[in-house]
Amino acid sequence: MSNEITVQVNGETHNCSFQTSLPDLLQQLGFNPRLVAVEYNGEILHRQFWPETKVQLGDRLEVVTIVGGG
């Protein structure tokens, strides 16, 4: 059995290791986890649940970067 899975992030296909945590995936993709909001399979995922969330085959994530300004 392969250790790689495929997930969708912002409409693009990405491969990662099975059981990768959400914060680890975000860092692998170049996002700063402190500056993003995440929609996980159609629902906003509160930051407190990120460390325990392991991405699964076929998951769909939308990652939005928080930008300050006025």
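What comes next concerns the included structure.

Definitions and cut-offs
- Residues numbered from 1 in each chain as written.
- Predicted model: local features only at pLDDT ≥ 70, side-chain atom pairs only at ≥ 80, totals over all residues.
- Heavy atoms only, no water.
- Helix = DSSP H or I, 4+ residues; strand = E, 2+ residues; numbered from the N terminus.
- Rg over C-alpha atoms; globule rule 2.2 N^0.38 Å.
- Buried < 20%, exposed > 50% of the residue type's maximum accessible area, 1.4 Å probe, protein only.
- Contact = heavy atoms within 4.5 Å.
- Areas by Shrake-Rupley, 256 points an atom, 1.4 Å probe, with all protein chains shown as cover.
- Pairing = 2+ DSSP bridges.

1. Quick notes on the overall build of the protein
Next up, step 1: Check the secondary structure of the protein and you find 1 helix and 5 strands.
Next up, step 2: Counting from the amino terminus, helix and strand elements in the protein follow one another as β-β-α-β-β-β.
Next up, step 3: For a compact globule of 70 residues, the expected C-alpha radius of gyration is about 11 Å, and the protein comes in at 12 Å, within 12% of that figure.
Next up, step 4: Each of the 70 residues in the protein was classed as buried or not, and the buried ones make up 30%.
Next up, step 5: Within the protein, residue pairs in contact and separated by at least 24 positions form 50% of the contacts whose partners lie at least 6 positions apart.
Next up, step 6: Total accessible area on the protein is roughly 4,700 Å²; 51% of this is exposed by carbon and sulfur atoms.

2. Overview of the environment of Leu 57
Next up, step 1: Within the secondary structure, Leu 57 sits in the loop between strand 4 (43-44) and strand 5 (60-65).
Next up, step 2: Residue classification places Leu 57 among the exposed residues on the basis of a relative accessible area of 65%.
Next up, step 3: Separated by 46 residues in sequence, Leu 57 and Gly 11 have C-alpha atoms that sit 15 Å apart.
Next up, step 4: Here Leu 57 is in contact with Ile 5 and Thr 6, once residues within four sequence places are set aside.

3. Section: the environment of Thr 65
Next up, step 1: Within the fold, Thr 65 resides in strand 5.
Next up, step 2: Residue classification places Thr 65 among the partly exposed positions, given a relative accessible area of 47%.
Next up, step 3: Between the C-alpha atoms of Thr 65 and Leu 35, which are 30 residues apart in sequence, the distance is 5.9 Å.

4. A word on the sheet that holds strand 4
Next up, step 1: Pairing within the open sheet is mixed, and its 5 strands lie in the order 2-1-5-3-4. Looking at the sheet topology across the chains shown, the edges are occupied by strand 2 (12-17) and strand 4.
Next up, step 2: Alignment of strand 3 (residues 36-40) against strand 4, held across 2 bridges, turns out to be antiparallel. Note that in strand 4 the partner of Tyr 40 across the bridge is Glu 43.

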